[in-house]
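Per-entry structural report
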Amino acid sequence: MTTYVGFLRAINLGATRKFPKEAIVAATEAAGFSEVATHINTGNVRLGTRMRSRARIESALEQAYRHDRGFEVPTIVYTAAELRAIADDADRFAHGHDGKHYIWLLKDEPSASLRAELEGLSAGQERVRLSPRAVHLLLDGGYLDATLLKPIEKQIGVATNRNVTVVRALVQKWC
């Protein structure tokens, strides 16, 4: 049995996209996954499965969540080792940085040209670094003041954002 960590995109936003933690657990278990747990109410779920294909796991979860909720729930899945590597990269990228650090968790790995383009966006108080399936944004100012949010989100495809504190907590708790 392998442990995976899934990240649900665009849930608990507004009145029509509610997906409480208990419902996430129930829908994940109904889809045949075991050892299911959630962390805070922002769509972080641990699960165990014998499946090896990330695409199959994501598809099974997305179907289960759509069936349970009646709306699409894009889901991004990492092995425990992959998530730990993202947290390790976060520590390395943020060495000497005392500001804010956000991580977009990506469904697909960006191409070499997109990686170069994204890292080339770094300017002044906003720096962009990449892990294989994650984009790190290091800010000296506030999140809402960041100018790179829209340019990054426009290019990265299916992704969901977490702050580095949540990613580190998940690694400590589940990896």
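Now for a quick tour of the structure. (Residues numbered from 1 in each chain as written. Predicted model: local features only at pLDDT ≥ 70, side-chain atom pairs only at ≥ 80, totals over all residues. Heavy atoms only, no water.)

1. So, the nonpolar core
Most often, soluble globular proteins have nonpolar side chains that are buried together. Residues Leu8, Phe19, Leu47, Ile57 and Tyr65 are the most contacted members of the largest nonpolar core, which totals 19 residues. Take this core: its biggest share by element is four residues, from helix 1 (residues 21–30). With near-sequence residues (within four places) excluded, phenylalanine 19 lies in contact with Leu8, Ile11, Asn12, Ile24, Ala27, Asn41, Tyr65, Asp68, Arg69 and Val73. Among the nonpolar cores identified, the runner-up in size contains 18 residues, and Ala90, Ile103, Val164 and Leu170 belong to it. (Core = buried A, V, L, I, M, F, W, Y, C linked by side-chain atoms within 4.5 Å. Buried < 20%, exposed > 50% of the residue type's maximum accessible area, 1.4 Å probe, protein only. Helix = DSSP H or I, 4+ residues; strand = E, 2+ residues; numbered from the N terminus. Contact = heavy atoms within 4.5 Å.)

2. Some thoughts on the pairing of strand 6 (residues 126–131)
Inspection of the sheet shows strand 6 paired to strand 7 (residues 134–139) by six bridges, in the antiparallel sense. Note on strand 7: the bridge partner recorded for valine 128 is leucine 137. The loop that links strand 6 with its antiparallel partner strand 7 comprises two residues. (Pairing = 2+ DSSP bridges.)

3. Observations regarding the packing of aromatic side chains
The relative placement of two aromatic rings is captured by the distance of their centres and the angle of their planes. The full count for this structure, using the stated rule, is three aromatic pairs. Arranged with centres 6.0 Å apart and planes meeting at 75°, the rings of phenylalanine 7 and tyrosine 78 form a pair that is edge-to-face. Placement of the pair is phenylalanine 7 in strand 1 (residues 2–8) and tyrosine 78 in strand 4 (residues 75–79), with a sequence separation of 71 residues. Like tyrosine 78, phenylalanine 7 is buried. Taking 5.2 Å as the distance between ring centres and 80° as the angle between the ring planes, the aromatic pair formed by phenylalanine 19 and tyrosine 65 counts as edge-to-face. Of the two residues, phenylalanine 19 is situated in the loop between strand 1 and helix 1 and tyrosine 65 in helix 2 (residues 54–69); the sequence distance between them amounts to 46 residues. The pair formed by phenylalanine 19 and tyrosine 65 is uniform in burial state, with each residue classed as buried. If you follow arginine 133 out to its NZ or CZ, it ends over the ring of tyrosine 78, 4.1 Å from the centre. (Phe/Tyr/Trp six-rings, centres within 6.5 Å; stacked < 30°, edge-to-face > 60°. Lys NZ or Arg CZ within 6 Å of the ring centre and 35° of its normal.)

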